[in-house]
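Structural features, examined
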Amino acid sequence: MKNHSLRPAAGLVLLAAATLGLLVWNICAGSVYLPPGEVLAALLSPEEGGIVWGIRLPRVLAAAILGGALSVSGFLLQTFFANPIAGPFVLGISSGAKLTVALALVAFLSRGVLISSMAMVAVAFAGSMISMGFVLLMSRRVRNMSMLVVCGIMIGNICSAVTDFVVTFSDDSNIVNLHNWSLGSFSGTSWENVRLMAWVAGVALVLAFLLSKPIGAYQLGEVYAQNMGVNIRRFRVELILLSSLLSACVTAFAGPISFVGIAVPHLVKSLFRTARPLIVIPGCFLGGAAFCLFCDLIARTAFAPRDMSISSVTAVFGAPVVLCLMASRRGGREGRL
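Parameters at a glance
- Residues numbered from 1 in each chain as written.
- Predicted model: local features only at pLDDT ≥ 70, side-chain atom pairs only at ≥ 80, totals over all residues.
- Heavy atoms only, no water.
- Helix = DSSP H or I, 4+ residues; strand = E, 2+ residues; numbered from the N terminus.
- Buried < 20%, exposed > 50% of the residue type's maximum accessible area, 1.4 Å probe, protein only.
- Areas by Shrake-Rupley, 256 points an atom, 1.4 Å probe, with all protein chains shown as cover.
- Contact = heavy atoms within 4.5 Å.
- Polar contact = N/O pair within 3.5 Å; in protein donor to acceptor, adjacent residues only side chain to side chain.
- 1 Å grid on protein atoms, 1.4 Å probe; cavity = no way out; pocket = protein on both sides within 12 Å on 5 of 7 lines; lining within 4 Å.
- Points joined across faces, edges and corners; volume = space filled by probe spheres on them.
- Nonpolar A, V, L, I, M, F, W, Y, C, P; charged D, E, K, R; others polar.
- Expected span 1.5 Å × (residues − 1).
- Phe/Tyr/Trp six-rings, centres within 6.5 Å; stacked < 30°, edge-to-face > 60°.
- Core = buried A, V, L, I, M, F, W, Y, C linked by side-chain atoms within 4.5 Å.
- Patch = residues over 30% accessible without salt bridge, like charges linked within 9 Å, V, L, I, M, F, W, Y side chains within 5 Å.
- Salt bridge = Lys/Arg side-chain N within 4 Å of Asp/Glu carboxyl O.
- pLDDT = per-residue confidence, 0-100.

Some thoughts on the overall build of the protein chain
- Looking only at helices and strands, the protein chain has 14 helices and zero strands in total.
- When the helices and strands of the protein chain are read in sequence order from the N terminus, they spell out α-α-α-α-α-α-α-α-α-α-α-α-α-α.
- Looking at the protein chain as a whole, 51% of its 337 residues are labelled buried.
- Counting only carbon and sulfur atoms, one obtains 67% of the accessible surface of the protein chain, whose full area is about 15900 Å².

What follows is the structure in structure tokens.
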């Protein structure tokens, strides 16, 4: 019993240590290697640490914040649909945000108008909500979880196709910006972006953590949650809004990133051997941060000085986890909606 109670605490400490270690490693590594002592000196002297403060530190903080946000978004969606295969990328929610951001970028940039970071988040949130609306509409007609996932993939493909049309008929300069962003990357992150994403993701994460008790009740079934005094309709709306906001924040700043929202929550629950939200939500944030920091390290260094798409790297490590998860489901049994 004692070991069982210590496991979550040990897991959180392990994830926090891994995140911190990867943060330091990411700052040191790159096309130009910086020894830890030189990094520490640069951190203590912001006016003299150009490459650290101007390029690497904003990027690694963005990877940690957005990776954690995407993982928690996946956990909330898995709770909503009561199935571990649900996630913002698979259900097409990230693609909806990608489409609206692409439309906004072309519309504003073609007129020489720069769109603010907060406006990008708002536009991405609108796209996420539209895609989520279509998924919810399909879930009323499709009771089979596998078919719902296929519907989500189709919605994502439609959004991606429309985005490709937008890119095709936009100006050359806009095409370059859209192409780089649509591949998914943490590069080019500014301190203004870091502050905004920290504020948006932080508020959403705190609200999600405050929902830990009703989430725990909901995991045991809607009837049980209602008997515990949970307003099911309001609770489901809150899950939708928070998961969409977190996913939109990631897409607005880093583009679509695949498989993090599915793979990390599953790995965290396997590590802790529990699905208790009080433990899983902070665990998902730390796990998502560590996962994206690790993938971004590979994206930056594998073919340096050229960067790989972060979504390609997360797919390499996240997709096998999803395949194992699907194979482990007893006889292909479908999750309830």
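Describing the side chain of Arg300
- Structurally, Arg300 is set in helix H13 (residues 277–301).
- When its relative accessible area of 9% is taken as the criterion, Arg300 is described as buried.
- Those residues in contact with Arg300, other than ones at most four positions away along the chain, are Asn26, Ala29, Gly30, Arg59, Arg306 and Asp307.

Here's the deal with the side chain of Ser243
- Tracing the chain through its elements places Ser243 in helix H11 (residues 232–254).
- A distance of 2.8 Å separates a polar atom in the side chain of Ser243 from the backbone oxygen of Leu239.
- A distance of 3.1 Å separates a polar side-chain atom of Ser243 from the backbone oxygen of Ile240.
- Excluding its chain neighbours within four sequence positions, the residues that come into contact with Ser243 are Ser73, Leu76, Leu77 and Met132.

Quick look at empty space enclosed by the protein
- Counted by the stated rule, this structure contains one cavity of 30 Å³ or more.
- Residue lining of the largest cavity: Leu70, Gly87, Pro88, Phe89, Val90, Ile257, Phe259, Val260, Gly261 and Ile262, and that is the complete set.
- If you tally residues by element for the lining of the largest cavity, the top one is helix H12 (residues 260–272), at three residues.
- When grouped by side-chain class, the residues that make up the lining of the largest cavity number eight nonpolar, two polar and no charged.

Concerning the environment of Ser128
- Within the secondary structure, Ser128 is located in helix H5 (residues 117–141).
- Along the sequence, Ser128 and Ser247 sit 119 residues apart, while their C-alpha atoms lie 7.4 Å from each other.
- Non-local contacts of Ser128, meaning those with residues more than four positions away in its chain, are made with Ile93, Gly96, Ala97, Ser244, Ser247 and Ala248.

Regarding helix H4 (residues 93–109)
- The terminal C-alpha atoms of H4, which comprises 17 residues, lie 24 Å apart, in line with the 24 Å expected from a rise of 1.5 Å per residue.
- Extensive coverage of H4 is indicated by the burial of 13 of its 17 residues.

Examining the packing of aromatic side chains
- A full pass over the atoms with the stated rule returns five aromatic pairs.
- Here the aromatic rings of Phe80 and Phe81 are separated by 4.9 Å at their centres, their planes lie at 80 degrees, and the arrangement is edge-to-face.
- For the pair Phe294 and Phe317, a centre-to-centre distance of 5.3 Å together with 70 degrees between the ring planes defines the contact as edge-to-face. A residue pair is termed long-range when its members are at least 10 positions apart, and Phe294 in helix H13 and Phe317 in helix H14 (residues 310–328) qualify at 23 residues.

Thoughts on the nonpolar core
- Ranked by internal contacts, the top residues of the largest apolar core, which has 88 residues, are Leu66, Leu76, Phe81, Phe186, Ile215, Leu246 and Ile257.
- Ranked by residue count, the leading element in this core is helix H3 (residues 50–81), at 16 residues.
- When residues no more than four places from it in sequence are discounted, the contact partners of Phe186 are Arg59, Ala62, Ala63, Leu66, Ala254, Ile257, Cys292, Asp296 and Ile310.
- Counting residues in hydrophobic clusters, the runner-up holds six residues, among them Val149, Ile262, Val322 and Leu325.

Topic: a nonpolar patch on the surface
- On the surface, a cluster of nonpolar side chains totalling about 610 Å² of accessible area is made up of Met118, Trp199, Val203, Val206, Leu207 and Leu210.
- With five residues, the single largest contributor to the nonpolar patch is helix H8 (residues 191–210).
- Along the polypeptide, Trp199 turns up in helix H8.

Some details on the confidence of the model for the protein chain
- Per-residue confidence for the protein chain gives a mean pLDDT of 83, with 90% of residues at or over 70.
- In the predicted structure, residues 331–337 sits below a pLDDT of 50 and forms 19 contacts with residues beyond four places in sequence or in another chain.

Observations regarding the environment of Val264
- Take Val264: it is sitting in helix H12.
- The exposure class of Val264 is buried, given its relative accessible area of 2%.
- Remark: the alpha-carbon pair of Val264 and Val72, spanning 192 residues in sequence, is separated by 8.9 Å.
- Setting aside anything within four residues of it in sequence, one finds Val264 in contact with Ser71, Cys284, Gly287, Gly288 and Phe291.

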